[in-house]
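# Residue-level structural notes
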Amino acid sequence: MASKVVDLRSDTVTKPSEAMRAAMAAADVDDDVVGVDPTAHRFQSEMAALMGKEAALFVPSGTMGNLISVLVHCDVRGSEAILGDNSHIHVYENGGIATIGGVHPKTVPNNPDGTMDVDRIVAAIRHPDLHYPTTRLICLENTHGNCGGKCLSVEYIDKVGEIAKAHGLKLHIDGARIFNASVALGVPVDRLVKAADSVSVCLSKGLGAPVGSVIVGSKDFIDKARILRKTLGGGMRQVGVLCAAAHVAVRDTLGKLADDHRKAKALAEGLKKIKHITVDPASVETNMVFFDIIDPRISPDNLCQVLEQHNVLAMPASSTSIRFVIHYQISDSDVQYALTCVEKAFEELLKGGINLDQLTNGATKSSYGH
């Protein structure tokens, strides 16, 4: 058994680097609720410039970032947002846009590549009518988590942006892993989101910061977002401590994302050689690998349990599949060790006689990874 745990549950599980911890300890801070934390102010300005937008706002989580963004754009009750039926906002964010914001979700099927058909988006836009909510927003997700970390192209985003403008709508991008998309596509991130009116960027996923997201947009958008952040309880005091770590994450981890993608591809190629699994390495575009278990005797839950006994942590993605996620704390040797353990786990499960205790790594049969 390895002395080190190889944690492939998500890129949210990373621990702060020593550089992040040092930056947190040394951060120059003040009260950000009244807008005077110098480290937060500097980091937000840097992120706005990096994303090609006028302003930015640090928020505790991506879920709050998406919620605030939708509520700013849909500031009249009875508004409707068009979004993918398999999107993070629709599936994993507790229905917040509806329960808190009174925003009606109009879902359009996500294709396997994370896109929504353009003609279906157009068809989903409501014409003024007494019986219907008012369409105000289109939401995209890049990379698309439930579709295997697929990247939306700049051409596609531009096209959706044109549709939004033509119909007087706003475009929000859930860019939880937008830097992964930028690196994989070879497109500067500001160009990739040029058509968007707002973008949420997770700092604690691919970039590996311990906490937080930022939302970016126009100055007017961010002014309204700041008020909503306070309303939702997301205003924090000496938040520069967190922004300092996030700054280091952006500075140090962006250059490592391409290597994460390479390791994910290598992991998929290795999994393809293992019996009882189907996986398409060509579908791996960023840092996520999804594979299906084709032996009906073995469930994803049981395989994750046995992997955990070998210090490899993973989470089921569905009743038949598992997702592995690479991050900057996963080495090439970790990838090879994980592949060896997957083979061993299948052998042990097929032999029988294993005591499968309750999962302890956060996976359950009804709550899949995000």
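Computed from a predicted model, the values in this text were never measured in an experiment.

Below, the discussion takes up the UniProt feature "domain: Aromatic amino acid beta-eliminating lyase/threonine aldolase" (unreviewed entry) in the chain. Taken from the UniProt record, the annotation "domain: Aromatic amino acid beta-eliminating lyase/threonine aldolase" (unreviewed entry) applies to residues 7-292. Secondary structure content for residues 7-292 is 41% helix and 17% strand, and the end C-alpha separation is 19 Å.

As a further point, take the packing of aromatic side chains. Applying the stated rule across the entire model yields one aromatic pair. Of note, Arg-126 hangs over the ring of Tyr-132, and the distance from its end group to the ring centre comes to 4.9 Å.

In this section: a negative patch on the surface. Side chains of Asp-113, Asp-117, Asp-119 and Glu-285 sit close together on the surface and give a patch of like negative charge. Mapped onto the secondary structure, Asp-113 falls in the loop between strand S4 (104-108) and helix H6 (118-124). A relative accessible area of 36% places Asp-113 in the partly exposed class.

Within the fold, Thr-286 resides in the loop between strand S9 (277-278) and strand S10 (288-293). Given the relative accessible area of 0%, Thr-286 is considered buried. When sequence neighbours within four positions are dropped, the list of residues in contact with Thr-286 reads Thr-143, Gly-149, Cys-151, Asn-180, Ala-184, Asp-260, His-261 and Ala-264.

Scanning the entire structure with this criterion turns up 14 salt bridges. Linking Arg-9 and Asp-7 is a salt bridge whose minimum nitrogen-to-oxygen distance equals 2.5 Å. You'll find Arg-9 and Asp-7 in the same group, each marked buried. One salt bridge connects Arg-191 with Asp-158, and the closest N-O pair in it is separated by 2.5 Å. Placement of Arg-191 in helix H9 (residues 189-192) and of Asp-158 in helix H7 (residues 154-166) is noted, with a sequence separation of 33 residues between them. Residue class for Arg-191 comes out partly exposed when judged on its relative accessible area of 33%. Among the charged side chains, a network of salt bridges with common partners joins Asp-259, Arg-262, Lys-263 and Asp-332.

According to UniProt, the "modified residue: N6-(pyridoxal phosphate)lysine" (unreviewed entry) feature falls on Lys-205. Among the structural elements, Lys-205 can be located in the loop between strand S7 (198-202) and strand S8 (213-217). Judged by relative accessible area, Lys-205 falls into the buried class, the value being 9%. Those residues in contact with Lys-205 that lie beyond four places of it in its chain are Asp-11, Thr-12, His-88, Ala-176 and Arg-177.

Of all five residues in S7, five are buried; the element is thus mostly enclosed. Summarising the sheet, strand S6 (residues 170-175) and S7 pair through four bridges and their orientation is parallel. By the bridge assignment for S7, Ile-173 is matched with Val-199. The pairing of S7 with S8 spans five bridges and is antiparallel. Residue Val-199 lies in a different strand from S8, and its bridge partner there is Val-216.

Turning our eyes to something else, we now look at the sheet that holds strand S2 (residues 55-59). Taken in spatial order, the seven strands of this open sheet run S2-S8-S7-S6-S5-S3-S4, and their pairing is mixed. With one partner strand each, in any of the chains shown, S2 and S4 form the two edges of the open sheet. Each adjacent strand pair in this sheet contributes to an overall mean axis angle of 20°, direction not counted. Of the strand pairs in this sheet, strand S5 (residues 134-141) and S6 are connected by five bridges, and their pairing is parallel. Counted as the bridge partner of Cys-139 is His-172 from S6.

On to the environment of Ala-196, then. Mapped onto the elements of the fold, Ala-196 is located in the loop between H9 and S7. The buried category is assigned to Ala-196, whose relative accessible area is 5%. A C-alpha to C-alpha distance of 10 Å links Ala-196 and Gly-52, two positions 144 residues apart in sequence. When sequence neighbours within four positions are dropped, the list of residues in contact with Ala-196 reads Lys-53, Leu-171 and Ile-173.

The next point concerns the side chain of His-73. With respect to the element layout, His-73 can be found in helix H3 (residues 62-73). A polar contact is formed between the side chain of His-73 and the side chain of Ser-198, at a distance of 2.8 Å. Excluding anything up to four places from it in sequence, His-73 contacts Arg-136, Leu-137, Lys-170, His-172, Asp-197, Ser-198 and Phe-221.

Buried residues dominate S5, accounting for six of its eight residues. As paired elements, strand S3 (residues 79-84) and S5 share four bridges and run parallel to each other. Counterpart to Ile-82 in the pairing with S5 is Ile-138. After leaving S5, the chain enters H7 and then returns to the sheet as S6, a path that is right-handed.

Cut-off values and rules
Residues numbered from 1 in each chain as written. Predicted model: local features only at pLDDT ≥ 70, side-chain atom pairs only at ≥ 80, totals over all residues. Heavy atoms only, no water. UniProt positions renumbered as here; feature names shortened; annotations may be inferred. Helix = DSSP H or I, 4+ residues; strand = E, 2+ residues; numbered from the N terminus. Phe/Tyr/Trp six-rings, centres within 6.5 Å; stacked < 30°, edge-to-face > 60°. Lys NZ or Arg CZ within 6 Å of the ring centre and 35° of its normal. Patch = residues over 30% accessible without salt bridge, like charges linked within 9 Å, V, L, I, M, F, W, Y side chains within 5 Å. Areas by Shrake-Rupley, 256 points an atom, 1.4 Å probe, with all protein chains shown as cover. Salt bridge = Lys/Arg side-chain N within 4 Å of Asp/Glu carboxyl O. Lys, Arg positive; Asp, Glu negative; His and termini not counted. Charge placed at Lys NZ, Arg CZ, Asp CG, Glu CD. Buried < 20%, exposed > 50% of the residue type's maximum accessible area, 1.4 Å probe, protein only. Contact = heavy atoms within 4.5 Å. Pairing = 2+ DSSP bridges. Axes fitted to C-alpha atoms, helices over the stretch in contact; angles between N-to-C directions. Polar contact = N/O pair within 3.5 Å; in protein donor to acceptor, adjacent residues only side chain to side chain. Right-handed = clockwise from strand over helix to strand, strands pointing away.

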